[in-house]
Amino acid sequence: MTRINPEIIKKDFPIFNQDIHGRKLVYLDNGATTQKPLQVIEAMAGYNKIAHGNPHRGAHKLSVEATKAYNSSKETVRKFINAKSTEEIIFTRNTTESLNLIAYSYGREFINEGDEILLAISEHHSNILPWQRLAKERKAILKYMYLNAEGRIPLDEIKNKISEKTKLVSVGHMSNVLGTIHPVEEIIHHAHRVGAVVVVDGAQSAPHMKVDVQEMDADFFVFSGHKMLGPMGIGVLYGKKEILEKMSPFLLGGDMIEYVYEQEATFAPLPYRLEAGTQNVEGAVGIKAAMEYLEKIGLDKIEEHEKELTQYALDRMLSLPYIDIIGPKDLEMRGGLISFTIDGIHPHDIATILDSYGVAIRAGHHCTQPLMRFLDLHATSRISFYLYNTKDDVDQFIEGVKNVRKWFGYGS
Ligand code: 7TS
């Protein structure tokens, strides 16, 4: 397999043409959001210049063009995750909205008193709060799978926590803090044996590895466009058709109806029934261009590249005795993000000082307070990679870390 060349890829991304604080930008916050190549920026600009209209609503040329653009994006998303049909692809604003939609439309209808909803302790708040509210409303029980010292969910934990009472399991495919890739196929297998439905939060996985929802057999799979070179404001909810068909609409309004009477209404078929209001066509054009860009390079190559960078970064970080890696220290079932702490220095100070060297990283609780409590930490710093990152970026980050230590009066 030929490798990707991130230096060439970087040339597609105008953001890297500018200096940040007088230095070359080293962008290591891809877990939060990713940068856009010209191909995505221009696809969206092109749509706005010549094809913008309100889809499904008019007979005129621009409405028809917008409808075509929207539908063609759905087909690209379908192929990207290998869903059976575009009826199974619902556009939302982001992963958060997708998860809320499932909790509202599926959960309120099918979760009952005493039923168990199972999450991993590493979930992002977006994959906790909707279930907390649902559990309260339906008098259901919210349970968690806990992690071992390496930051993985042990097989026994999966087997012990999934029981006849489990009706829904919602699990992050890849942790946005630990980088752990959770064994979703195993979880799905055990959950399906007891008839539970499984939601996979793919916010951190779909941008970085090939996902096949049919092979995985997930009932729902959700992710965000802005973490995969696309724009903010567009996200995806994949659901198996037979399940989506049973769900009542999340939002009510235009374009999701069949007939409306004074006191009653009937709803449009899938996927329109779950997409009320004017669609984000510009976002749909952007996510399509982003997926085409990723597929042209190849998700297998992107994954390989990120693995290589992660190994390189882990080696360099592990050689510095004052850095603690939070999460698996080997490459097995882990993705390209690394959380860490530095003895005696607050993660926010690390991120702020690194920024002054042009190195963008994230610090904080990463919207995972239950995980932080479980790990007995308040916050971590985190670097996260994508296809345009280089070993040179890692070297600059390490140099920056050494400078942070100097700022605080520590020796090297
Ligand atoms: N789920 C996971 C696993 C995430 O990492 C995130 C965002 C979300 C859900 C929510 O995504 P959104 O697009 O709906 O906001 N995670 C992060 C992060 O790690 N740093 O900033 C956002």
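Here the residue index of a chain counts from 1 through its sequence in written order. Local features are withheld for residues below a pLDDT of 70 in this predicted model, meaning they are given only at 70 or higher, and side-chain atom pairs are given and counted only at 80 or more; totals for whole chains, interfaces and linings count all residues. Side-chain descriptors were evaluated using all non-hydrogen atoms of the structure, hydrogens and water having been removed beforehand.

**Describing the overall build of the chain**
Here a strand is any run of E in DSSP of at least two residues, a helix any run of H or I of at least four, and the numbering for each starts at the N terminus. Secondary structure assignment for the chain yields 14 helices and 17 strands. Taken over C-alpha atoms, the radius of gyration comes to 22 Å for the chain, in line with the 22 Å a tight globule of 412 residues would show. Viewed in the frame of its principal axes, the chain has a C-alpha envelope of about 75 × 55 × 40 Å. Each residue is placed in one exposure class: buried if its accessible area under a 1.4 Å probe, protein chains only, is under 20% of its type's maximum, exposed if it is over 50%, and partly exposed if it falls in between. Counting across all 412 residues of the chain, residues that qualify as buried make up 56%. Whether two residues are in contact is decided by their heavy atoms: any pair within 4.5 Å suffices. A separation of at least 24 residues holds for 72% of the contacts in the chain among residues at least 6 apart in sequence. Carbon together with sulfur atoms contributes 51% to the accessible area of the chain, which is approximately 17,600 Å² in total. For the radius of gyration, the atoms used are the C-alpha atoms, and the globule rule reads 2.2 Å times the number of residues raised to 0.38. For the accessible areas, the method is Shrake-Rupley and the probe is 1.4 Å, while residue cover comes only from the protein chains on display.

**Things to note about the site of the ligand**
As a structural note, the neighbourhood of the ligand is formed by 16 residues, with Thr96, Asp201, Ser224, Arg362 and Arg382 the closest of them. Relative to its unbound accessible surface of 490 Å², the ligand loses 89% to contact with the protein. Residue classes follow a fixed rule: Ala, Val, Leu, Ile, Met, Phe, Trp, Tyr, Cys and Pro count as nonpolar, while Asp, Glu, Lys and Arg count as charged, and any other residue, Gly among them, counts as polar. Residue classes in the shell around the ligand are distributed as 2 nonpolar, 10 polar and 4 charged. Consider each residue's heavy atoms; a residue with any of them within 4 Å of a molecule or strand counts as near.

**Structural notes on the domain arrangement of the chain**
It is common to give the size of an interface as the accessible area lost on bringing the parts into contact. Marked domain ranges trace back to an automatic or database domain assignment. You can read the domains of the chain as domain 1 (6-30 + 298-407) and domain 2 (41-295). Each of domain 1 and domain 2 has a C-alpha centre, and the two are 28 Å apart. Across the boundary between the two partners, domain 1 contributes 35 residues, which contact 34 residues of domain 2. The junction of domain 1 with domain 2 conceals about 2,800 Å² of combined surface from both sides, 63% of it contributed by carbon and sulfur atoms. Between Lys or Arg on one side and Asp or Glu on the other, a salt bridge is scored when a side-chain nitrogen of the former is within 4 Å of a carboxyl oxygen of the latter. At the junction of domain 1 and domain 2, the tally comes to 1 salt bridge. The salt bridge involving Arg152 is made with Asp330; its shortest N-O contact spans 3.1 Å. By the criterion applied in these results, polar contacts are pairs of N or O atoms within 3.5 Å in which, for protein atoms, one can donate a hydrogen and the other can accept it, and in which residues neighboring in sequence qualify only through two side-chain atoms. Taken together, the connections running from domain 1 to domain 2 amount to 17 residue pairs in polar contact (both at pLDDT 80 or more). Among the elements of the structure, helix 11 (299-318), strand 14 (337-342) and helix 13 (369-375) are those that each provide at least two residues to the side of domain 1 that touches domain 2. When two parts are brought into contact, each loses some accessible area as probed by a 1.4 Å sphere; the total of that loss over both is the buried area.

**A word on the packing of aromatic side chains**
For this analysis, a ring pair means two rings from Phe, Tyr or Trp (six-membered ring only for Trp) whose centres lie within 6.5 Å, classed as stacked if their planes differ by under 30 degrees, edge-to-face if by over 60, and tilted for the remaining angles. Per the counting criterion, the structure on display carries 12 aromatic pairs. An aromatic cluster is built from Phe13, Phe16, Tyr293, Tyr386 and Tyr388, whose rings are joined through pairwise contacts. The criterion for a charge sitting over a ring is simple: Lys NZ or Arg CZ within 6 Å of the ring centre, and within 35 degrees of the ring normal. The ring of Phe80 is capped by Lys210, whose NZ or CZ atom sits 5.5 Å from the centre of that ring. Here Lys391 stacks its cationic end above the ring of Tyr312, 5.3 Å away from the centre of that ring.

**Focus: the environment of Asn54**
By the secondary structure assignment, Asn54 is in the loop between helix 2 (38-50) and helix 3 (61-81). A relative accessible area of 31% means that Asn54 is categorised as partly exposed. Taking the C-alpha atoms as reference points, Asn54 and Lys74, separated by 20 residues in sequence, lie 16 Å from one another. Leave out the neighbours within four places in its chain, and Asn54 touches Ser63, Thr278 and Gln279. At 3.1 Å, the side chain of Asn54 forms a polar contact with the side chain of Thr278.

**Quick look at the sheet that holds strand 7 (residues 166-172)**
Being paired, for any two strands, means DSSP has found at least two bridges between them. The 7 strands are arranged 4-10-9-8-7-5-6 in an open sheet whose pairing can be described as mixed. Both edges of this open sheet fall to strand 4 (89-92) and strand 6 (141-145), since each of them pairs with a single strand only. Going from strand to strand, the sheet's axes swing by 20° on average, the running direction of each strand aside. Where strand 5 (residues 116-120) meets strand 7, 4 bridges bridge the pair, whose relative direction is parallel. Note that in strand 7 the partner of Leu119 across the bridge is Ser170. Only the stretch in contact is used when a helix axis is fitted, and all axes are lines through C-alpha atoms; the angle between N-to-C directions ranges over 0 to 180 degrees.

**As for the nonpolar core**
Burial of nonpolar side chains together is a common tendency in soluble globular proteins. Ranked by size, the top nonpolar core spans 100 residues in total, and within it Phe220 and Leu387 carry the most contacts. Here this core takes 10 residues from helix 10 (residues 281-297), the largest share from any one element. Each of domain 1 (6-30 + 298-407) and domain 2 (41-295) accounts for three or more of the residues forming this core. In this structure Phe220 touches Ile102, Tyr106, Val197, Val198, Val199, Val200, Leu237, Tyr238, Gly239, Ile243, Leu244 and Met247, once residues within four positions along its chain are discounted. Core analysis: the second largest hydrophobic core is formed by 29 residues, Ala313, Ile323, Ile353 and Phe385 among them. In these notes, a set of buried Ala, Val, Leu, Ile, Met, Phe, Trp, Tyr and Cys residues joined through side-chain atoms within 4.5 Å is what counts as a nonpolar core.

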